[in-house]
Structures are given as C-alpha cells and as structure tokens.
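# Structural characterization, general
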Amino acid sequence: MKNERFESAKKIYEKFGVDVESALKKLSEIPVSVHCWQGDDVLGLEGAKSLTGGIQTTGSYPGRARNKEELFADIEKALSIMPGKKRLNLHASYAVLGKDAGKVDRDAYEYRHFEEWVSLAKKLNLDGIDFNPTFFAHSKMKDGLTLSSPDEEIRSFWVRHGRASLKIAAQIGKAMNSPALVNIWIPDGYKDVPADRLSPRLRLKKSLDEILDGYDEKWVIPAVESKVFGIGVESYTVGSNEFYQNYAAKKGICCLLDNGHYHPTEFVSDKIPALLAFYDKVALHVTRPVRWDSDHVVLLQDELTEIAREIVRNDATGKVMIGLDYFDASINRIMAWVTGQRSMQKALLIALTEPHEKMKRLQNEGGFTELMNLREQVKGLPWSDLWNEYLLRQGLNDDFYSIVGEYEKKILKERI
Ligand code: RNT
Ligand code: ZN
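A short tour of the structure in this document, coming up. (Residues numbered from 1 in each chain as written. Chains lettered and ligands numbered in written order. Predicted model: local features only at pLDDT ≥ 70, side-chain atom pairs only at ≥ 80, totals over all residues. Heavy atoms only, no water.)

### Quick word on the coordination of the zinc ion (ligand 2)
Reference values for angles at a metal are 109.5 degrees in the four-donor tetrahedral case and 90 or 180 degrees in the six-donor octahedral case. Binding of the zinc ion (ligand 2) to the protein goes through Glu 225 (OE), Asp 258 (OD), His 285 (ND1) and Asp 325 (OD), at separations of 2.1 to 2.2 Å. Between the 6 donor atoms coordinating the zinc ion (ligand 2), the angles at the centre fall across 71 to 173°, so the site counts as octahedral. Donor residues for the zinc ion (ligand 2) sit on one chain with the sequence pattern E-x32-D-x26-H-x39-D. With a gap of 33 residues between them, Glu 225 in strand β6 (residues 220-225) and Asp 258 in strand β8 (residues 254-258) connect regions that are remote in the sequence. In this structure Glu 225 comes out as buried when scored by relative accessible area, which is 3%. (Donors = N, O, S within 2.8 Å, 3.2 Å for Na, K, Ca; no water. Tetrahedral: all angles 85-135°; square planar, octahedral: opposite > 155°, others 65-115°. Helix = DSSP H or I, 4+ residues; strand = E, 2+ residues; numbered from the N terminus. Buried < 20%, exposed > 50% of the residue type's maximum accessible area, 1.4 Å probe, protein only.)

### Points about the site of ligand 1
Around ligand 1 sit 13 residues in total, of which His 91, Glu 225, Lys 227, Asp 258 and Asp 325 are the nearest. A distance of 2.9 Å separates an oxygen atom of ligand 1 from a polar side-chain atom of His 261. In the complex, the protein chains occlude 99% of the 310 Å² of accessible area that ligand 1 would expose alone. The class makeup of the residues in the shell around ligand 1 is 5 nonpolar, 3 polar and 5 charged. (Near = heavy atom within 4 Å. Polar contact = N/O pair within 3.5 Å; in protein donor to acceptor, adjacent residues only side chain to side chain. Areas by Shrake-Rupley, 256 points an atom, 1.4 Å probe, with all protein chains shown as cover. Nonpolar A, V, L, I, M, F, W, Y, C, P; charged D, E, K, R; others polar.)

### Quick look at the packing of helix α2 (residues 20-29) against helix α13 (residues 383-393)
Contact geometry of α2 with α13 gives a least axis separation of 11 Å together with a crossing angle of 55°. One element, α2, and the other, α13, form an angle in the oblique class. Crossing geometry of α2 relative to α13 is assigned as right-handed. Within the contact between the two elements, α2 uses Val 20, Glu 21, Leu 24, Leu 27 and Ser 28 and α13 uses Leu 386, Glu 389, Tyr 390 and Arg 393. Across the contact of α2 with α13, the residue classes break down as 5 nonpolar, 1 polar and 3 charged. (Axes fitted to C-alpha atoms, helices over the stretch in contact; angles between N-to-C directions. Parallel < 35°, antiparallel > 145°, perpendicular 65-115°, else oblique. Left-handed = near helix turned anticlockwise from the far one by under 90°. Contact = heavy atoms within 4.5 Å.)

### A closer look at helix α5 (residues 152-176)
Here α5 is 25 residues long and its end C-alpha atoms lie 36 Å apart, about the 36 Å a rise of 1.5 Å per residue gives. The opening residue of α5 is Asp 151, an N-cap whose side-chain oxygen sits 2.9 Å from the backbone nitrogen of Glu 153. One or two residues past the end of α5 sits Asn 177, with phi positive at roughly 55°. (Expected span 1.5 Å × (residues − 1).)

### Brief notes about the side chain of Gln 38
Its place among the elements puts Gln 38 in the loop between β1 (32-35) and α3 (68-80). Given the relative accessible area of 0%, Gln 38 is considered buried. Here Arg 333 takes part through its backbone oxygen, which lies 3.1 Å from a polar atom of the side chain of Gln 38. Setting aside residues up to four positions removed in sequence, Gln 38 forms contacts with Tyr 326, Phe 327, Asp 328, Arg 333, Ala 336 and Trp 337.

### A short note on the side chain of His 285
Considering the arrangement of structural elements, one finds His 285 in strand β9 (residues 282-286). Residues contacting His 285, with those up to four places away along its chain left out, are Trp 37, Asn 89, Asn 132, Asn 183, Glu 225, Leu 256, Leu 257, Asp 258, Asn 259, Gly 323 and Asp 325.

### Details of the pairing of β1
In β1, alternate side chains face the same way, and those of Val 32 and Val 34 on one face and Ser 33 and His 35 on the other are all buried. Where β1 meets strand β2 (residues 86-91), 4 bridges bridge the pair, whose relative direction is parallel. Counterpart to Ser 33 in the pairing with β2 is Arg 87. Once the chain exits β1 it traverses α3 before rejoining the sheet at β2, and the crossover so formed is right-handed. (Pairing = 2+ DSSP bridges. Right-handed = clockwise from strand over helix to strand, strands pointing away.)

### A short note on the pairing of strand β11 (residues 292-296)
Every other side chain in a regular strand lies on the same face of the sheet, so the side chains alternate between the two faces. Here strand β10 (residues 288-290) runs beside β11; their pairing, made up of 2 bridges, is antiparallel. Pairing of Val 290 across the sheet is with Trp 292, part of β11. Between β10 and the antiparallel strand that follows it, β11, lie 1 residue; Arg 291 among them carries a positive phi value of about 70°.

### Quick notes on the environment of Ala 101
Among the secondary structure elements, Ala 101 is positioned in the loop between β2 and α4 (115-123). Classification of Ala 101 as partly exposed rests on a relative accessible area of 48%. Taking the C-alpha atoms as reference, Ala 101 lies 7.5 Å from Glu 46; in sequence the two are 55 residues apart.

### Details of the state of the cysteines
What we call a disulfide is simply a covalent bond connecting the sulfur atoms of a pair of cysteines. All told, the structure shown has 0 disulfides when counted by the stated rule. Cys 254 provides the cysteine sulfur closest to Cys 36, a residue in no disulfide bond, and the two sulfurs are 20 Å apart. Classification of Cys 36 by relative accessible area gives buried; the value is 0%. (Disulfide = S-S within 2.5 Å.)

Right, dumping it as structure tokens:
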C-alpha cells in the first residue's frame with residue numbers, strides 16, 4: 001500500500017526542487033554516535049556512587065541500569081528504536097574489569113576491558129565505536145585537577161590514562177574497521193578567581209603533548225573539547241575554547257564542539273563553518289543547554305536545525321562527526337535516549353530537504369527579500385510526512401513511547 005501522505009509531500013517538495021528520495025537515503029547514511037552514559041546517569045561500571053568533575057545528573061526516575069547486563073540490555077532496546085546509522089560512544093569508565101576490578105586502575109586499562117563492548121557493537125551492526133578517556137569521578141583528581149595538576153604524580157597518572165585510552169581506541173577502531181574518535185574533556189578549573197591562569201594551561205599543553213606522542217593515526221581521531229565553566233568551576237576552566245582551538249590547529253588534531261559549552265549568545269551552528277574553513281574534521285557533542293550546560297535531552301529546536309543545516313549545506317556530512325551528550329535521570333532514560341537521537345535525525349531530515357543551492361544563490365545575488373520569503377515558505381514544508389515514511393522503511397513508527405512503556409513495565413520496574 002502506498003503511503004499517500006508521503007506521495008503528496010514528495011510532489012510539494014518537487015516544486016521546491018528537492019529530491020526527497022535522495023534526501024532519505026542520505027539521512028540513513030549519516031552516522032550519529034550514541035553515548036552509552038545516558039543509561040546509567042554517567043556512573044560507569046567501576047562502582048562509582050557519584051558523579052564529580054563539574055557535571056551532574058539530576059532526578060531519581062526508577063530504572064537506572066545498575067550493571068553491565070542491564071546497561072547492555074537497555075542500549076539494545078534503545079538502539080532498536082533509533083532510526084538511521086548508529087555508532088556507540090563509550091567512556092573509559094565503562095571498562096568491563098571482571099577479575100581486574102579493584103586491581104587495575106584507569107592508567108592501566110587495556111583493550112580486553114572493552115572487548116565485550118566491541119562484541120555488542122558488532123552484534124548490533126553499528127558503524128563504529130568512539131572512545132572517551134574519563135578524567136572525572138575518580139580519586140586521582142586532586143583539587144579538581146587532572147592533566148593540569150601541579151602535582152606530578154597526579155598529572156602523570158592522567159597522562160598515562162590518556163595514552164592507554166588512545167591505545168585501546170586504536171584497537172577498537174581496527175576491530176570495528178572504522179576509526180574511533182577519541183575525545184579529551186577534562187574538568188580542570190577553579191571555583192574562584194585564579195592567581196595564575198597561564199601555568200595550568202602550560203601544564204595541560206605539556207600533558208596533551210605527552211598523550212599524543214605516537215598514536216595510531218589510522219584508527220584514531222583525537223579531539224579536544226572545550227568548556228566555559230562547570231559546577232564548582234565557575235571562574236576559570238583550563239581547557240577553554242581559545243586554548244583548545246589553538247592547540248588543535250597547531251597539532252593537527254580535531255576540535256569537539258559541545259553546544260552546551262559556550263555563552264548563551266554564542267552558537268555552535270556558527271562555529272561549525274568557521275572551523276570547516278581550517279579543519280578536515282569537526283566533532284560535535286549535541287546537547288540541549290537550558291540557561292547553562294545542563295545536558296537536557298536534545299529536542300527539535302531552532303539551533304539544532306541550524307546545526308544540521310551547517311552540516312548539510314556545506315556538504316560536510318563526512319566531515320562533521322555527530323555525537324550525542326545528554327543525561328537526564330528525571331524521566332524514563334530510554335525515552336530520553338531515543339528522543340534525543342530522533343530529534344537529531346529530524347533536524348538532519350529538515351536540513352536535507354531544503355533548497356540550499358537556491359538560497360545560497362539568492363544570498364550571493366543580493367536577493368534578500370526573496371530569500372526571506374523562501375525561507376519562511378520552506379518552514380511550512382510537510383517534513384513530518386517524510387519522517388513517517390523514513391521510519392516505516394526501517395520497520396519503525398512514531399509511537400515508540402508504547403514500546404518503551406512495555407519495557408518499563410516488564411524490565412525497568414523490577415530494578416529497585
Ligand atoms: C562535560 C562534557 C563531557 C561529558 C561527557 C560525559 O561537560 O560535555 O563531554 O558530558 O564526557
Ligand atoms: Zn560534551
């Protein structure tokens with residue numbers, strides 16, 4: 001049976017010169033890296049009881065995955081109702097330590113601690129795995145510092161962790177036959193006005209140089225993620241935007257832009273093309289800031305669509321690596337996971353079905369009146385009819401709430 005709404009939408013889009021079939025195909029090929037940490041409130045598998053490092057998960061909705069088995073099951077469930085191509089975004093704190101628990105610390109983690117994740121990713125037919133060293137929620141943070149610590153023992157521990165992570169990621173990349181993005185984010189900073197802003201940054205620079213000395217360029221794409229402030233780290237962060245952008249440019253590595261990590265009037269949608277002028281690759285953490293870096297579930301909002309537009313209209317789907325980064329413990333965690341991933345896909349669909357060439361031409365020709373008019377018309381296009389067809393073709397539909405509801409009743413409710 002024909003999907004009539006889709007057929008009629010297709011005709012409307014044709015009038016705007018948009019080829020809907022090719023857009024749906026492209027959409028299904030853009031990988032989105034799904035973060036493992038939405039399932040368990042970022043606690044990981046090392047036995048941590050709380051999250052530290054200037055980030056926080058709030059809420060006490062029942063059903064948090066409490067161990068590897070539960071987390072794997074939840075990931076499988078969540079991914080089964082996420083359309084499109086997926087990668088898995090892992091944190092080092094999700095090491096499966098087995099009999100090494102309590103004996104092996106983060107500076108000595110090895111690939112074998114992540115082999116079960118690789119098996120899971122293969123079983124779920126994922127496009128690849130990305131990896132994050134975990135520089136937070138650990139007893140070796142001293143005064144909230146890691147790679148910028150003035151204490152050499154502390155600093156070198158974290159350098160070893162960074163190096164170990166790159167090694168693990170290279171093996172993961174190889175095993176998945178897809179290079180792993182390795183994103184370095186550290187919580188280092190000061191609550192109050194620092195007495196010295198430069199020295200911590202010089203120490204961070206030295207640490208990064210040591211971490212990046214001799215990594216596997218074939219299977220690893222290193223990135224650095226800046227941040228303007230954190231909880232308890234309000235006055236100064238060592239890894240600021242200027243610091244990392246300059247570092248990445250000099251070092252030939254990648255910048256990761258988290259859209260919760262800038263001042264509220266700064267937009268990642270505007271930063272993407274700025275970086276594309278200089279870098280082959282740009283990595284993203286897509287989140288939803290509410291007043292500040294709040295890591296709310298990603299919803300279909302203007303800035304998300306604008307981010308998608310900058311990826312699509314600059315022909316940068318192969319250059320911009322999209323990763324998700326949010327954690328909400330106040331609602332069903334699987335709903336949170338899927339809603340965010342689907343929002344990203346919706347934004348990409350909208351961006352893929354706009355007449356960008358015509359709009360660019362109007363801009364270049366000074367046709368601003370027509371451009372404004374066209375843009376307003378385009379906002380009314382029936383993208384949701386395309387979305388439903390996109391889901392149908394993957395055996396999905398818009399009602400994933402009832403599927404998650406069933407899972408909650410059967411599985412999550414038992415976790416008390
Ligand atoms: C923190 C950063 C960082 C983390 C994850 C868990 O503000 O955004 O990316 O959210 O690594
Ligand atoms: Zn982030």
